[in-house]
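# Understanding the architecture of this molecule
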Amino acid sequence: MEASTAPWTRCLLDENTFNENFMNQINPRKTYLCYKVEILDGDTRVLLDEKKGFVQNKGANEPGKPRHAESYFLDRIRSWNLDRGLHYRLTCFISWTPCHSCAQELATFLGENSHLSLHIFASRIYSLPGYEAGLRKLQAAGAQIAIMTSKEFEHCWENFVDHQDRPFQPWDGLEVVSQHLCNSLQTILQMQEN
DNA sequence: ATTTTCAAT
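To keep things clear, this report deals only with the structure shown in the data block. Everything numeric here is computed off the predicted structure, so don't read it as measured data.

### Let's talk about the packing of helix 1 (residues 15-22) against helix 5 (residues 150-160)
Close contact between helix 1 and helix 5 brings their axes to 11 Å; oriented N to C, the two are set at 155°. Taken together, helix 1 and helix 5 sit at an angle that is classed as roughly antiparallel. With respect to the hand of their crossing, helix 1 and helix 5 are arranged in right-handed fashion. From helix 1, Glu15, Phe18 and Phe22 reach across to helix 5, where they touch Phe153, Cys156 and Trp157. Residue classes in the contact of helix 1 with helix 5 are distributed as five nonpolar, no polar and one charged.

### Side note on the packing of aromatic side chains
Each aromatic ring pair is characterised by the separation of its centres together with the angle its planes make. Applying the stated rule across the entire model yields twelve aromatic pairs. With a centroid separation of 5.7 Å and an interplanar angle of 90°, the aromatic rings of Phe168 and Trp171 are classed as edge-to-face. Taking relative accessible area as the criterion, Phe168 reaches 10% and is therefore assigned buried. Overall, Trp171 belongs to the buried group, its relative accessible area being 10%. Grouped by ring-pair contacts, the aromatic residues Phe18, Phe22, Phe153, Trp157, Phe168 and Trp171 constitute a single cluster. Cation over ring: Lys52 sits above Phe160, and NZ or CZ is 5.7 Å from the ring centre. Over the ring of Trp96 we find Arg124, and its NZ or CZ is 4.8 Å from the ring centre.

### What to know about the nonpolar core
By size, the foremost hydrophobic cluster in this structure holds 36 residues, and its most contacted members are Leu33, Phe73, Ile77, Leu90, Leu118 and Leu138. Sorting the residues of this core by element identifies strand 1 (32-41), helix 2 (69-80), strand 4 (87-94), helix 3 (100-112), strand 5 (116-122), helix 4 (131-140), strand 6 (144-147) and helix 6 (174-190) as the ones contributing at least two each. If we ignore the near neighbours within four places in the chain, the residues touching Leu90 are Lys36, Val37, Phe73, Ile77, Leu82, Leu116, Ser117, Leu118 and His119.

### Side note on the protein's contact with DNA strand B
Of all residues adjacent to DNA strand B, which total 20 residues, the nearest are Gly59, Thr97, Ser127, Leu128 and His180. Backbone atoms, meaning sugar plus phosphate, form 42% of the atoms of DNA strand B positioned within 4 Å of the protein. Glu70 places a polar side-chain atom, nitrogen or oxygen, 3.0 Å from a base nitrogen of DNA strand B. A distance of 2.8 Å is found between a phosphate oxygen of DNA strand B and a side-chain nitrogen or oxygen belonging to Tyr126. Looking at side-chain class alone, the surface near DNA strand B contains seven nonpolar, nine polar and four charged residues.

### Notes on the pairing of strand 6
Only one face of strand 6 is buried, namely the one carrying Ile145 and Ile147, since none of Gln144 and Ala146 on the opposite face is buried. Examined bridge by bridge, strand 5 and strand 6 share four bridges and lie parallel to one another. Each residue of the ladder has a partner; that of His119, found in strand 6, is Gln144. The handedness of the strand 5 to strand 6 crossover, carried by helix 4, is right-handed.

### A look at helix 2
Under the 1.5 Å per step criterion, the end-to-end length of helix 2 is 17 Å for twelve residues, consistent within 8% with the ideal 16 Å. Considered for burial, the residues of helix 2 that qualify are Ala69, Glu70, Ser71, Phe73, Leu74 and Ile77. Each element contacted by the buried residues of helix 2 is listed here: strand 1, strand 3 (53-56), strand 4, helix 3 and strand 5. With its phi angle positive at about 45°, Asn81 sits one or two positions after the end of helix 2.

So, how was this worked out
Residues numbered from 1 in each chain as written. Chains lettered and ligands numbered in written order. Predicted model: local features only at pLDDT ≥ 70, side-chain atom pairs only at ≥ 80, totals over all residues. Heavy atoms only, no water. Axes fitted to C-alpha atoms, helices over the stretch in contact; angles between N-to-C directions. Helix = DSSP H or I, 4+ residues; strand = E, 2+ residues; numbered from the N terminus. Parallel < 35°, antiparallel > 145°, perpendicular 65-115°, else oblique. Left-handed = near helix turned anticlockwise from the far one by under 90°. Contact = heavy atoms within 4.5 Å. Nonpolar A, V, L, I, M, F, W, Y, C, P; charged D, E, K, R; others polar. Phe/Tyr/Trp six-rings, centres within 6.5 Å; stacked < 30°, edge-to-face > 60°. Buried < 20%, exposed > 50% of the residue type's maximum accessible area, 1.4 Å probe, protein only. Lys NZ or Arg CZ within 6 Å of the ring centre and 35° of its normal. Core = buried A, V, L, I, M, F, W, Y, C linked by side-chain atoms within 4.5 Å. Near = heavy atom within 4 Å. Polar contact = N/O pair within 3.5 Å; in protein donor to acceptor, adjacent residues only side chain to side chain. Pairing = 2+ DSSP bridges. Right-handed = clockwise from strand over helix to strand, strands pointing away. Expected span 1.5 Å × (residues − 1).

Here it is in structure tokens:
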């Protein structure tokens with residue numbers, strides 16, 4: 001069997017897809033979401049390697065109803081029926097922060113699933129109306145939300161990209177843009193609702 | 001200080 005058709009490659013992005021969607025200084029019109037799942041046991045974290053993967057949104061130009069990437073992600077989590085007697089950490093690396101609607105859905109989901117924790121690292125901030133309140137609501141529901149830095153981009157490259165043993169190559173401006181977005185996100189998350 | 005973005009002018 002060729003490497004490209006081996007079962008594990010189904011959960012890997014090709015290099016171009018990763019770069020086109022996660023480069024933080026451009027604004028692609030689609031969203032990718034990479035996820036991993038760990039069991040938390042005291043100070044120990046056990047990665048469930050078979051539950052790592054990625055989803056992408058379905059655009060308005062495709063047949064059927066458009067769906068954001070987070071919706072597909074929630075479908076997958078629900079399909080696993082994770083043991084309520086254990087505690088899990090879900091980590092997402094997503095190319096845009098959740099819109100207000102998805103943030104609300106995720107917040108509700110976390111409220112109904114106290115055995116799950118959610119960490120979100122986003123490449124850039126999706127800033128259509130209502131996004132700030134949505135992100136604050138998601139944070140209030142217990143999610144940790146952060147901007148991807150070179151550390152997270154490299155982690156994604158190593159774990160979610162079919163990189164053919166090539167090392168991660170940071171792009172020009174990665175750090176500057178990331179730092180700016182970190183500052184913006186902090187301001188958003190610290191603001192009070194009114 | 002940085003934007004128009006989970007497509008369709």
